[in-house]
Amino acid sequence: MSLNYIKNFYEGCVKPPTVIGQFHTLFFGSIRMFFLGVLGFAVYGNEALHFSCDPDRREINLFCYNQFRPITPQVSFSVFWALQLVIVLVPGATFHLYAAFKSISQECILQKPIYTVVYIVSVLVRISLEVISFWLQIHLFGFQVTPLYLCDAGSLGGKFTIIKCMVPDHFEKTIFLIAMYTFTVITMVLCVAEVFEIIFRRLCFLIKQ
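Residues numbered from 1 in each chain as written. Predicted model: local features only at pLDDT ≥ 70, side-chain atom pairs only at ≥ 80, totals over all residues. Heavy atoms only, no water.

Draft legend 1. Region of the structure containing the pairing of strand β2 (residues 148–152). Covered by surrounding structure in β2 are Tyr149 and Cys151 only, the residues Leu148, Leu150 and Asp152 on the alternate face being uncovered. Two elements, β2 and strand β3 (residues 162–166), share 5 bridges in a ladder whose sense is antiparallel. Among the inter-strand pairings, Asp152 is bridged to a residue of β3, identified as Ile162. (Buried < 20%, exposed > 50% of the residue type's maximum accessible area, 1.4 Å probe, protein only. Helix = DSSP H or I, 4+ residues; strand = E, 2+ residues; numbered from the N terminus. Pairing = 2+ DSSP bridges.)

Following this line, the structure appears as structure tokens:
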């Protein structure tokens, strides 16, 4: 694998042929990943330590927390959104890998019809993956984290069957979820706008010809 091949692939990923695509790379690669990696851990990192129930006993807190979070939040949240980030990047990376292998310049992508169509298809696949991710986010996490959780503690054998538990930082978690949904919507809007930019620039190129 030549250095020129690697260089072309890197430039294609970092500097797509469209202005909106370049902004999408900046937004997607920097802001979204920073928000997930830094703020996501800050919001969910110590949730188990501050999860408390009434009566406030360690074994009850632990039992109800495991019921509230069958999978630890660090695993369920971070893995899901990390997979989302990687999967959504695959269509564009695949196209730029092919373009680098064929030594296709960024200018040729918008000048030759076949390259333009393939690039648009890669963007449409990216949109489809974002839509699927958005649906899964709603299905798995919902839109709101409630401050009160009712724990079914009947199997503990005590006098309490339903125990009230307080969810820590529920407001911050709700804000975080809404922010992740917002990022997904923004990314989809940018992808749609990129398709229109490609079509517009392609028409401008044909008119000049």
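Draft legend 2. Fine view of the pattern of salt bridges. Under the criterion given, the structure shown has 3 salt bridges. Salt-bridge contacts for Glu197 lead to Arg201; the nearest nitrogen and oxygen are separated by 3.4 Å. With Glu197 and Arg201 both in helix α8 (residues 170–208), this residue pair falls 4 residues apart, about one helical turn. On the accessibility criterion, Glu197 (13% relative accessible area) is buried. Among the residues examined, Arg201 registers a relative accessible area of 33% and is labelled partly exposed. (Salt bridge = Lys/Arg side-chain N within 4 Å of Asp/Glu carboxyl O.)

Draft legend 3. Highlighting the packing of helix α7 (residues 113–141) against α8. Their axes nearest at 10 Å, the elements α7 and α8 cross at an angle of 165 degrees. Accordingly, the angle class assigned to the pair α7 and α8 is roughly antiparallel. For the crossing formed where α7 meets α8, the hand is left-handed. Broken down by class, the residue content of the contact of α7 with α8 amounts to 20 nonpolar, 4 polar and 4 charged. (Axes fitted to C-alpha atoms, helices over the stretch in contact; angles between N-to-C directions. Parallel < 35°, antiparallel > 145°, perpendicular 65-115°, else oblique. Left-handed = near helix turned anticlockwise from the far one by under 90°. Nonpolar A, V, L, I, M, F, W, Y, C, P; charged D, E, K, R; others polar.)

Draft legend 4. How the structure looks around a nonpolar patch on the surface. On the surface, Leu148, Leu150, Ile162 and Met166 cluster together to form a nonpolar patch covering roughly 380 Å² of accessible area. Mapped by element, the contributors of at least two residues to the nonpolar patch are β2 and β3. Within the fold, Leu148 resides in strand β2. (Patch = residues over 30% accessible without salt bridge, like charges linked within 9 Å, V, L, I, M, F, W, Y side chains within 5 Å. Areas by Shrake-Rupley, 256 points an atom, 1.4 Å probe, with all protein chains shown as cover.)

Draft legend 5. Structural context of the UniProt feature "transmembrane region" (unreviewed entry) in the protein. As annotated by UniProt and renumbered to match this structure, "transmembrane region" (unreviewed entry) occupies residues 25–44, 79–101, 113–138 and 175–200. Taken end to end, residues 113–138 is 100% helix and 0% strand, and its first and last C-alpha atoms sit 38 Å apart. The straight-line gap between the two end C-alpha atoms of residues 175–200 is 37 Å; of that span, 100% is helix and 0% is strand. (UniProt positions renumbered as here; feature names shortened; annotations may be inferred.)

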